[in-house]
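Examination of the molecular architecture
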2 protein chains.
Amino acid sequence: MSDKEKINTEEKILDAAKEVFTEEGKAGAKMQMIADRAGINKSLLHYYYRSKDKLFAAVFKFAFGKMASKIFTIFKSDDDFFTQLERFVENYLSILLKNPFIPMFILGELNKKHNNIAAELILKSDVNIDSFADIVQKEIQKGTIKKDIQAKNLIINILALCIFPVIAKPIIEPVVFNNKTDAYKNYIKNRKDEIVEIVYNMIKV
Amino acid sequence: MSDKEKINTEEKILDAAKEVFTEEGKAGAKMQMIADRAGINKSLLHYYYRSKDKLFAAVFKFAFGKMASKIFTIFKSDDDFFTQLERFVENYLSILLKNPFIPMFILGELNKKHNNIAAELILKSDVNIDSFADIVQKEIQKGTIKKDIQAKNLIINILALCIFPVIAKPIIEPVVFNNKTDAYKNYIKNRKDEIVEIVYNMIKV
DNA sequence: TCTACCTTTGACCGATTAGTTAAACCAAAT
DNA sequence: ATTTGGTTTAACTAATCGGTCAAAGGTAGA
């Protein structure tokens, strides 16, 4: 019995749904595709997740939880600010490398006009920038970073530098790295030091 | 007769298709939606663009051409490197502000598994990083920028800082700006100076 | 007016798809 | 052995969607 056969049906469905929804989008994904990928009958999907919407919501919840919920927790440690930033980038990139499908999955759905599920989950989530803004303010008072640094700009810039290379892979790999997959992978792996240095140059006094 | 009624049918269809494909994705967009949005009969879509694939390809070609084809032309001017960079960012942000739908439209489709049209168009395009790499190399030799600057990193970082805030709007606006649309718009407008300064700090010796 | 050509329309078709249903399967408890 | 409960399946349905077609509308030139 292989590893995949050991896990239960519900889990198999969710894994298959993650893949298919990401590859095809919500509308493009067909319940039959997901069933085939999970190695089960289509009716079983409706047995475990009553509708396509429900199944999609389950996948979205997983993805959004991974990327957003614990985004600012690192900044509650006792490390100095620069170490915290470095650990944040490292942590975030690590999640991205393990789940490169997540950012495009989330952004793709959030950019749709009618997204009942996605908008709800964002409001419900406890993602809050205020505590991070407080920390930045304290660093400014301590004189460790530039006086005009704004927490909002800082976090957006960091996320941009982390996430963009992942979602733009299908255009970066051919145009910048001449379709050499290894070159792209290597680039992503070395990205942490690059980002940390940029951020350091951004904020240091 | 309103402005929209004056333009010809083909143009009306293309405009409607841009909107609907962006809002719903290729699979999610229905030919009937596009027809309704254009204020015409569904059969007319097939009269002007024989199939959904053809119509989608037309929209993709427009979007990709806008964002990618003239991406490196600014660096062929006689201005000094820093001025070129500043003008590049300004130019790119201006296109993004006028066509905020484009990045998500392109990336959304490129990240799908089966995208015959999109991948073709990238290969056909004359987007080439080599000339930009040459310019960067010369600046290094002149001693105007850091010795370890890599053209590939530089252009990806600039694009990330320009594009990410646009595609992540539906998450930035509620989480960072408490759903205040004006605050977000203001942020985007002031983005040029922010990016230019980051890039300056990134590369200056 | 007649003709020729381009444009527009409504009715229709075949294929696909999400979801239903009733029956079969299977393991554990009685 | 029988029952009970959760699990799995094949067959089916109703609705939707991309695309076709034949006919009608409109317009400019002969």
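Source: prediction; values computed, not measured. (Residues numbered from 1 in each chain as written. Chains lettered and ligands numbered in written order. Predicted model: local features only at pLDDT ≥ 70, side-chain atom pairs only at ≥ 80, totals over all residues. Heavy atoms only, no water.)

**Quick look at the overall build of chain A**
Counted only if it meets this: Each helix corresponds to a stretch of at least 4 residues labelled H or I by DSSP, and each strand to a stretch of at least 2 residues labelled E; elements are numbered beginning at the N terminus. We call a residue buried when its accessible area falls under 20% of the maximum for its residue type, exposed when it is over 50%, and partly exposed in between, using a 1.4 Å probe and counting protein chains only. Here, residues are in contact when the closest pair of their heavy atoms is within 4.5 Å. For the accessible areas, the method is Shrake-Rupley and the probe is 1.4 Å, while residue cover comes only from the protein chains on display. Counting rule applied: Lys, Arg positive; Asp, Glu negative; His and chain ends not counted. Here the site of a charge means NZ on Lys, CZ on Arg, CG on Asp, or CD on Glu.
Secondary structure summary: chain A contains 13 helices and zero strands in total. Along its sequence from the N terminus, chain A presents helices and strands in the succession α-α-α-α-α-α-α-α-α-α-α-α-α. Taken along its principal axes, the extent of the C-alpha atoms in chain A is 60 × 40 × 40 Å. With 205 residues in all, chain A has 50% of them scored as buried. Nonlocal contacts in chain A, meaning residues at least 24 apart in sequence, comprise 65% of its contacts between residues at least 6 apart. Accessible area of chain A: about 10600 Å², with a carbon and sulfur share of 49%. If you average the places of the 32 positive and of the 27 negative side-chain charges in chain A, the two averages end up 4 Å apart.

**Some remarks on the packing of helix H10 (residues 151-167) of chain A against helix H13 (residues 191-203) of chain A**
Two measures define how a pair of helices packs: the angle their axes make with one another and the distance between the axes. All names here are of chain A. What counts is decided by this rule: To obtain an axis, a line is fitted to C-alpha atoms, over the contacting stretch when the element is a helix, and the angle between two such axes runs from 0 to 180 degrees between their N-to-C directions. Throughout, the term roughly parallel applies to angles under 35 degrees, roughly antiparallel to angles over 145, roughly perpendicular to angles from 65 to 115, and oblique to all others. Handedness of a helix crossing follows the sense of rotation of the near helix relative to the far helix, less than a right angle counterclockwise being left-handed and clockwise being right-handed. In the scheme used here, Gly and all other residues not listed as nonpolar or charged are polar, with Ala, Val, Leu, Ile, Met, Phe, Trp, Tyr, Cys and Pro taken as nonpolar and Asp, Glu, Lys and Arg as charged.
Relative orientation of the contacting elements H10 and H13 amounts to 160 degrees, with a least axis distance of 11 Å. Comparing their axes, H13 and H10 come out roughly antiparallel. Crossing hand, H10 versus H13: right-handed. In this structure, H10 uses Leu154, Asn157, Ile158, Leu161, Cys162 and Pro165 to contact H13, whose residues at the interface are Arg191, Ile195, Ile198, Val199, Met202 and Ile203. Residue classes in the contact of H10 with H13 are distributed as 10 nonpolar, one polar and one charged.

**With respect to the domain arrangement of chain A**
All names here are of chain A. Stated precisely, the cut-off is as follows: An automatic or database domain assignment is the source of the domain bounds shown. Two parts placed together each lose some accessible area; with a 1.4 Å probe, that loss summed over both constitutes the buried area. By convention in these notes, a salt bridge is any Lys or Arg side-chain nitrogen within 4 Å of a carboxyl oxygen on Asp or Glu. As used in this structure description, the phrase polar contact means that two N or O atoms lie within 3.5 Å; if the pair is within protein, one of them must be able to donate a hydrogen and the other to accept it, and residues adjacent in sequence are counted only when both atoms belong to side chains.
By domain assignment, chain A separates into domain 1 (3-50) and domain 2 (61-203). Between domain 1 and domain 2, the contact holds four residues from the first and five residues from the second. Across the domain 1/domain 2 interface, buried area totals approximately 460 Å², and carbon plus sulfur atoms make up 72% of it. It is Lys18, Thr22 and Lys26 in domain 1 that bury the most area against domain 2; as a group they hold 82% of the surface buried on that side. Where domain 1 packs against domain 2, one counts zero salt bridges. Where domain 1 packs against domain 2, one counts zero residue pairs in polar contact (both at pLDDT 80 or more). Grouping the amino acids of the side of domain 1 that touches domain 2 by side-chain chemistry returns one nonpolar, one polar and two charged.

**Considerations on the interface of chain A and chain B**
Between chain A and chain B, the residue contacts involve 47 residues of the former and 47 residues of the latter. Together, the buried faces of chain A and chain B total about 4200 Å²; carbon and sulfur atoms form 69% of this surface. Taken together, chain A and chain B are joined by two salt bridges. As a salt-bridge pair, Lys146(A) and Glu197(B) come within 3.6 Å of each other at their nearest N and O atoms. The interface formed by chain A and chain B contains eight residue pairs in polar contact (both at pLDDT 80 or more). Listing elements by their share of the side of chain A that touches chain B, those giving two or more residues are helix H2 (9-28), helix H7 (102-110), helix H8 (116-124), H10, helix H11 (169-175) and H13 of chain A. The element that contributes the greatest number of residues to the side of chain A that touches chain B is H10(A), accounting for 11 residues.

**Description of the protein's contact with DNA strand D**
For the record, the criterion: Residues are counted as near a molecule or strand when any one of their heavy atoms sits within 4 Å of it.
In the vicinity of DNA strand D, 14 residues are found, and the nearest of them are Ser43(A), Tyr48(A), Met31(B), Lys42(B) and Lys52(B). Tyr47(A) places a polar side-chain atom, nitrogen or oxygen, 3.2 Å from a phosphate oxygen of DNA strand D. A distance of 3.0 Å separates a phosphate oxygen of DNA strand D from a polar atom in the backbone of Met31(B). A per-element tally of the surface near DNA strand D places helix H4 (residues 42-48) of chain A first, with four residues. Broken down by class, the residue content of the surface near DNA strand D amounts to five nonpolar, six polar and three charged.

**Describing the protein's contact with DNA strand C**
Around DNA strand C sit 14 residues in total, of which Lys42(A), Lys52(A), Ser43(B), Tyr47(B) and Tyr48(B) are the nearest. Counting only atoms of DNA strand C within 4 Å of the protein, the fraction found in sugar and phosphate groups is 55%. In this structure, a phosphate oxygen belonging to DNA strand C sits 3.1 Å away from a main-chain N or O atom of Met31(A). Between DNA strand C and Thr9(B), the relevant distance is 3.2 Å, taken from a phosphate oxygen to a side-chain nitrogen or oxygen of the residue. Of all elements in the fold, only H4 of chain A together with helix H4 (42-48) of chain B reach the threshold of two or more residues within the surface near DNA strand C. The leading source of residues in the surface near DNA strand C is H4(B), at four residues.

**Some points on helix H13 (residues 191-203) of chain B**
Put simply, the rule is: To estimate the expected span of a helix, count its residues, drop one, and scale the result by 1.5 Å.
For H13(B), which comprises 13 residues, the first-to-last C-alpha distance of 19 Å matches the rise-based estimate of 18 Å (1.5 Å per residue) to within 8%. Turning to H13(B), its buried residues are Arg191(B), Lys192(B), Ile195(B), Ile198(B), Val199(B), Asn201(B), Met202(B) and Ile203(B). Buried residues along H13(B) sit in contact with H10 and H13 of chain A together with helix H6 (81-98), helix H10 (151-167) and helix H12 (181-189) of chain B.

**A closer look at the pattern of salt bridges**
Scanning all chains against the criterion turns up 20 salt bridges over all chains. Within the structure, one salt-bridge network assembled from shared partners comprises Glu19(A), Glu23(A) and Arg37(A).

**Considerations on the confidence of the model for chain A**
Put simply, the test is: For every residue, the pLDDT score states the predictor's confidence, bounded by 0 at the bottom and 100 at the top.
For chain A, per-residue confidence averages 89 on the pLDDT scale, and residues scoring 70 or more make up 95% of the total. Low confidence marks residues 1-6 of chain A, where pLDDT is under 50. Its contacts with residues over four positions away, or in another chain, come to two contacts.

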